[in-house]
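What the coordinates show
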Amino acid sequence: MKDRLNRFMRGRYGADELSRFLLVLFIACVIINAFTRTNIFYAVSLALLVVCYYRMFSRNHAARYAENQKYLSMKNRVLTKLGLTARQREQRKNYHIYHCPSCKQKIRIPRGKGKICITCPKCGREFTKKS
Ligand SMILES: [Zn+2]
């Protein structure tokens, strides 16, 4: 049985980040559908499942890889905008991020130094903040 599955999957694309995301969306739609009982979520969840399996069993690696890269790039852009990347979370532990009142330049200030005068490196404006 396992050998047959291995033979079937040989040369196929398999799972990647985008397929996992589609599966999570599918599960979310199934759960929402259980509460709302609308055909829209049922149809969307079925479509997500079909797309997910189509991608996993596809033999066109280049196209699937390109889709996954596009998804990863979009995901990274959204996470960066929301300040949720691992680097940004790590930075927030040790630094305050302030914006210059004149030019809106982001300025990183170490935490725990008390009230300090900050000089904007871009426009030279000075302002006082608690670090
Ligand atoms: Zn400035």
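Preceding this paragraph is the structure being described.
Let us look at the structure shown here.

Cut-offs and rules
Residues numbered from 1 in each chain as written. Predicted model: local features only at pLDDT ≥ 70, side-chain atom pairs only at ≥ 80, totals over all residues. Heavy atoms only, no water. Axes fitted to C-alpha atoms, helices over the stretch in contact; angles between N-to-C directions. Helix = DSSP H or I, 4+ residues; strand = E, 2+ residues; numbered from the N terminus. Parallel < 35°, antiparallel > 145°, perpendicular 65-115°, else oblique. Contact = heavy atoms within 4.5 Å. Nonpolar A, V, L, I, M, F, W, Y, C, P; charged D, E, K, R; others polar. Core = buried A, V, L, I, M, F, W, Y, C linked by side-chain atoms within 4.5 Å. Buried < 20%, exposed > 50% of the residue type's maximum accessible area, 1.4 Å probe, protein only. Donors = N, O, S within 2.8 Å, 3.2 Å for Na, K, Ca; no water. Tetrahedral: all angles 85-135°; square planar, octahedral: opposite > 155°, others 65-115°. Left-handed = near helix turned anticlockwise from the far one by under 90°. Phe/Tyr/Trp six-rings, centres within 6.5 Å; stacked < 30°, edge-to-face > 60°. Lys NZ or Arg CZ within 6 Å of the ring centre and 35° of its normal.

**So, the packing of helix H2 (residues 17-36) against helix H4 (residues 61-82)**
- Packing of H2 against H4 brings their axes to within 8 Å, and their N-to-C directions diverge by 70 degrees. Relative to H4, the element H2 lies roughly perpendicular. For the pair H2 and H4, contact is made by Glu17, Leu18 and Phe21 and by Glu67, Asn68, Tyr71, Leu72 and Lys75, respectively.
- Its residues placed into classes, the contact of H2 with H4 shows four nonpolar, one polar and three charged.

**Thoughts on the nonpolar core**
- Grouped together as the largest cluster of nonpolar side chains are eight residues: Leu18, Leu22, Phe26, Cys29, Leu48, Cys52, Met56 and Tyr71.
- Elements with a contribution of two residues or more to this core: H2 and helix H3 (39-57).
- The greatest single-element share of this core, amounting to four residues, is contributed by H2.
- Once residues lying within four places of it in the same chain are set aside, the contact partners of Leu22 are Leu48, Val51, Cys52 and Arg55.
- Residues Tyr98, Cys100, Ile118 and Cys120 belong to the second largest nonpolar core, which totals seven residues.

**Describing the coordination of the zinc ion**
- The zinc ion binds to the protein through Cys100 (SG), Cys103 (SG), Cys120 (SG) and Cys123 (SG), with metal-donor distances spanning 2.2 to 2.3 Å.
- In this structure, the zinc ion is coordinated by four donor atoms arranged in tetrahedral fashion, with angles at the metal of 106 to 115 degrees.
- All donor residues of the zinc ion come from one chain, and their arrangement in sequence is C-x2-C-x16-C-x2-C.

**Thoughts on the packing of H2 against H3**
- At a minimum axis distance of 8 Å, the contact between H2 and H3 shows a crossing angle of 160 degrees. Here H2 is positioned roughly antiparallel relative to H3, judged by the angle of their axes. Read as a crossing pair, H2 and H3 show a hand that is left-handed. Of the residues in H3, those in contact with Leu18, Ser19, Leu22, Leu23, Leu25, Phe26, Cys29, Val30, Ile32, Asn33 and Thr36 of H2 are Phe41, Tyr42, Val44, Ser45, Leu48, Leu49, Val51, Cys52, Arg55 and Met56.

**Some details on the packing of aromatic side chains**
- Inspection of the entire model under this criterion finds three aromatic pairs.
- Judged by centre distance (5.3 Å) and plane angle (70 degrees), the rings of Phe8 and Phe57 are edge-to-face. Placement of Phe8 in helix H1 (residues 2-9) and of Phe57 in helix H3 is noted, with a sequence separation of 49 residues between them.
- Take Phe8: its relative accessible area is 39%, and that puts it in the partly exposed class.
- With a relative accessible area of 29%, Phe57 lands in the partly exposed category.
- Here the aromatic cluster, defined as three or more aromatic residues joined through ring pairs, consists of Phe8, Tyr53 and Phe57.
- Arg12 extends its terminal NZ or CZ atom over the ring of Phe8, reaching a point 4.3 Å from the ring centre.
- For the cation-ring pair, Arg108 lies above Tyr95, with the distance from its terminal atom to the ring centre recorded as 3.9 Å.

What is shown is where atoms sit, not what they do.
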